[in-house]
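Below are the chains, spelled out letter by letter.
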Amino acid sequence: MKKIKSIVFLLLALSLIIATAGCSNPSSNTSQNVQESDKQTENTGNKDSVKVENIELKIRSGSTSGSWYPATGVIAQFLPEDIPGITCTITPGAGQSNAQAIQDGTANFAFGKVAATFQGFNGETPFTEKTDKIRNLGYLYDEAWHLVVNANSEINSIADLKGKRLTTQTTGNLAEQMTRDVLEAYSLSYNDLKKVSFVGYEDSIQQMKDGIVDAFAFATATPASALVDLGSARDVKIIPIEPDKIDTIISATEGYLKRTIEAGTYDNQSEDILTIGSAIHMMVSSDMSEDMAYKITKSIYENIDRIGESHATYLGLTPEKMAIDLGFEYHPGALKYFNEIGVTVK
């Protein structure tokens, strides 16, 4: 019996040794594989640390019914396709508030209006500090200020707004500031009007349709979809600004420009309309790295056609048209791309 027990013990011991030996090689191989995987991950990490910069692009756009929102929506689609590590979020905004958002870091990419950008750079009202972190990424289009009234209205001049009801855009939008500046050129202020409503395009159009207000002041590219919408419901006319008043307005505010709404831009518009306006551009923060600004600029310029498909305002854009000297500094990353494709900022 003892002999049998000894044999059984020896067989069990031998089985254990064989099992242990059999497991040792896979364990060793697994360990080696893990080390190789770690090494590949480390190498990939080193590679990505050079080429990939994880960034949340906080995009400030315009009102959802304007021309900025569809364009920024398309940009938010193709940037992650072209640039690894980038994610995009979009929030509504306006010219002045977007400039402030770039300065305080709540946005790092935005559409803006040149006149508002200059106001921020100079620390002028409504800004309480200079927005010196703004860097240009490219010009987009021109806009024009409109004052629209019913076709049978007795309002035929800006001066006739005294005692009338006006709807204009929200505070923080350059168009609202333009409205203030135009009134001031005629020695008027909001206090001289019967009522002033500060709302978005859609609400302003509805107020005009309902007869709640006498006039609608706004600024955008022409033809303005808001005016086309309003014109489909009732006959309207656009009130011009007298040439001498235009000179007064643009001499007082850097970034304001003379604009002409050419005859035929809108239905039943038989004459040119003289007014003021500004230019629309893209801006980023100076805190953005040169490499990231370069990649964003490159992606945008290589997808210009897609931006044009989002809204007719952007049709026909080229790098040459977009690389305009607007009077303030371009981001070095944008300049790097321009130099690469042989385009000179001028």
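Residues numbered from 1 in each chain as written. Predicted model: local features only at pLDDT ≥ 70, side-chain atom pairs only at ≥ 80, totals over all residues. Heavy atoms only, no water.

Enquirer: Is there a simple way to think about the overall build of the protein chain in this case?
Expert: When you go through the protein chain residue by residue, the secondary structure sums to 12 helices and 10 strands. Considering only residue pairs separated by 6 or more positions, the protein chain has 74% of its internal contacts joining residues 24 or more positions apart. (Helix = DSSP H or I, 4+ residues; strand = E, 2+ residues; numbered from the N terminus. Contact = heavy atoms within 4.5 Å.)

Enquirer: Explain the pairing of strand β4 (residues 134-150) to me, please; I cannot follow it from the model alone.
Expert: Regular strands show a simple pattern: their side chains alternate between the two faces of the sheet. Burial analysis of β4 places 16 of its 17 residues in the buried class, which makes it a mostly covered element. Direction of pairing for β4 relative to strand β10 (residues 273-285): antiparallel, over a ladder of nine bridges. The residue bridging D142 from the neighbouring strand is A279, located in β10. Pairing of β4 with strand β7 (residues 215-220) involves six bridges; the strand directions are antiparallel. Across the sheet, residue L147 finds its bridge partner in β7, namely A217. Pairing geometry for β4 and strand β8 (residues 236-238), over three bridges, is antiparallel. The partner of V148 across the bridge, within β8, is I238. (Buried < 20%, exposed > 50% of the residue type's maximum accessible area, 1.4 Å probe, protein only. Pairing = 2+ DSSP bridges.)

Enquirer: How should I be thinking about helix α2 (residues 68-82) in this particular structure?
Expert: With 15 residues, α2 ought to run about 21 Å at 1.5 Å a step, and its terminal C-alpha atoms sit 21 Å apart, in line with that. By the burial criterion, the buried members of α2 are W68, A71, T72, V74, I75, A76, F78 and L79. (Expected span 1.5 Å × (residues − 1).)

Enquirer: Mind showing me how you'd approach the pattern of salt bridges here?
Expert: Side-chain pairs of opposite charge can arise whenever the charged atoms involved come near each other. Summed over all chains, the structure comprises 11 salt bridges. Put simply, R165 and D214 hold a salt bridge, and the shortest N to O gap is 2.9 Å. Remark: D214 occurs in the loop between α6 (201-210) and β7 and R165 occurs in strand β5 (residues 165-168); sequence separation between them is 49 residues. (Salt bridge = Lys/Arg side-chain N within 4 Å of Asp/Glu carboxyl O.)

Enquirer: Would you mind showing me how to read the nonpolar core here?
Expert: For soluble globular proteins, the rule of thumb is that nonpolar side chains tend to be buried together. In terms of nonpolar packing, the biggest core is built from 39 residues, with F109, I296 and I300 touching the most fellow members. Taken together, the elements giving at least two residues each to this core come down to β1 (55-60), α2, β3 (109-113), β4, β10, α9 (290-302), α10 (304-310) and α12 (332-341). The biggest single contributor to this core is α2, with seven residues. I296 has contacts with L57, L79, I83, I86, F109, L137 and M288, leaving out every residue within four places of it along the chain. Core analysis: the next-biggest nonpolar cluster, separate from the first, contains 28 residues, I155, A185, Y190 and I276 among them. (Core = buried A, V, L, I, M, F, W, Y, C linked by side-chain atoms within 4.5 Å.)

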